[in-house]
Amino acid sequence: MKFSTRQDTDLPADALFRAVGNFSNIERMLVRRGATVRRLDGLSGPAVGMRWQIGFDLRGRRRAAELAVTEYAPSETIALAGNSDQFDIAIRMTVVALTRSKSRLLFETDVLPRGMKARLLLQTAKLGKPQLDRKFAERIGDFVTRMAADVAV
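The structure contained in this document is the topic of the report that follows. Residue numbering note: each chain is counted from 1, following its sequence as written. With the structure being a predicted model, the display of local features is reserved for residues of pLDDT at least 70 and the display and counting of side-chain atom pairs for 80 or more, all residues being used for whole-chain, interface and lining totals. Computation of side-chain values: all heavy atoms of the structure, hydrogens and water removed.

## A closer look at the pattern of salt bridges
What counts as a salt bridge is simple: a side-chain nitrogen of Lys or Arg found within 4 Å of a carboxyl oxygen of Asp or Glu. Counted by the stated rule, this structure contains nine salt bridges. Here Asp-14 and Arg-18 are joined by a salt bridge, their closest N and O atoms 3.8 Å apart. In this pair, Asp-14 and Arg-18 are both assigned in helix α1 (residues 13–20), four residues apart and thus about one turn of the helix distant. A residue is classified by how much of its surface remains accessible, and Asp-14, at 40% relative accessible area, is partly exposed. Secondary structure counts use DSSP, requiring at least four H or I residues in a row for a helix and at least two E residues in a row for a strand, with both numbered from the N terminus. Accessibility here uses a 1.4 Å probe with only protein chains present; expressed as a share of the type maximum, an area under 20% marks a residue as buried, one over 50% as exposed, and anything in between as partly exposed.

Quick look at the structure:
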């Protein structure tokens, strides 16, 4: 199942890229929301190969996922790939300059089932896809706003 949205912002493209590529801020944001985040690599800066193990509660059960940076092109693209016990996930964030002071974030997520139970879960979720798309766009909008506020400070 694919989700995608685009968010326009009043930040230059390089500032928006720094905001969405600030992994330490994202880690702190996840921890504040109740997730456990453990870094699995020894890299000092943003680069391909960064990996995390993330634990979170969803629908009354503890879940775990592993996520890794698979592409990191400064000022343009960040791609992540990961998996959990039931799903494979791919996330791609692309920053596009609209003008010198405005830019757009294209955020795409692809969720693939790893078994029959997960496939049935996604089939059921497709019935409410318009509502899921709206919630996805709202969450990504909040994420961009929060990350952009950290850059502006």
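Past the structure itself, the notes keep going.
## Here we look at a nonpolar patch on the surface
Taken together, the side chains of Val-96, Leu-98 and Leu-106 present a nonpolar region at the surface, about 200 Å² in accessible area. As for its position among the elements, Val-96 is in strand β6 (residues 87–97). Its relative accessible area of 32% is what places Val-96 among the partly exposed residues. In this analysis, a patch consists of residues with relative accessible area above 30% that form no salt bridge, clustered at 9 Å for like charges and at 5 Å for the nonpolar side chains Val, Leu, Ile, Met, Phe, Trp and Tyr. Residue exposure ignores everything except the shown protein chains as possible cover, and the areas themselves are Shrake-Rupley values with a 1.4 Å probe.

## As for a positive patch on the surface
Together, Arg-28, Arg-32, Arg-33, Arg-59, Arg-134, Lys-135, Arg-139 and Arg-146 line one region of the surface with positive charge. Elements supplying a minimum of two residues to the positive patch: α2 (23–32) and α4 (129–152). Tracing the backbone shows Arg-134 in helix α4. Counting rule for charge: Lys and Arg are taken as positive, Asp and Glu as negative, and neither His nor the chain ends is counted. Charged side chains are reduced to one point each, which is NZ for Lys, CZ for Arg, CG for Asp and CD for Glu.

## Observations concerning the sheet that holds strand β3 (residues 51–58)
For two strands to be treated as a pair, DSSP must find at least two bridges joining them. Taken in spatial order, the seven strands of this open sheet run β1-β7-β6-β5-β4-β3-β2, and their pairing is antiparallel. With one partner strand each, in any of the chains shown, β1 (2–9) and β2 (36–39) form the two edges of the open sheet. Neighbouring strand axes in the sheet, compared pairwise and without regard to direction, differ in orientation by 20 degrees on average. Alignment of β2 against β3, held across four bridges, turns out to be antiparallel. Counted as the bridge partner of Arg-38 is Gln-53 from β3. The contact criterion used is simple: two residues touch if any of their non-hydrogen atoms lie within 4.5 Å. Only the contacting stretch of a helix is used when fitting its axis, a line to C-alpha atoms as for every element, and angles between N-to-C directions run 0 to 180 degrees. The strands touched by α1 are β1, β4 (61–73), β5 (77–84), β6 and β7 (103–113); relative to β6, the strand with the most contacts, the crossing angle is about 155 degrees. Running at roughly 150 degrees to β2, α2 makes contact with β2, β3, β4 and β5 of the sheet.

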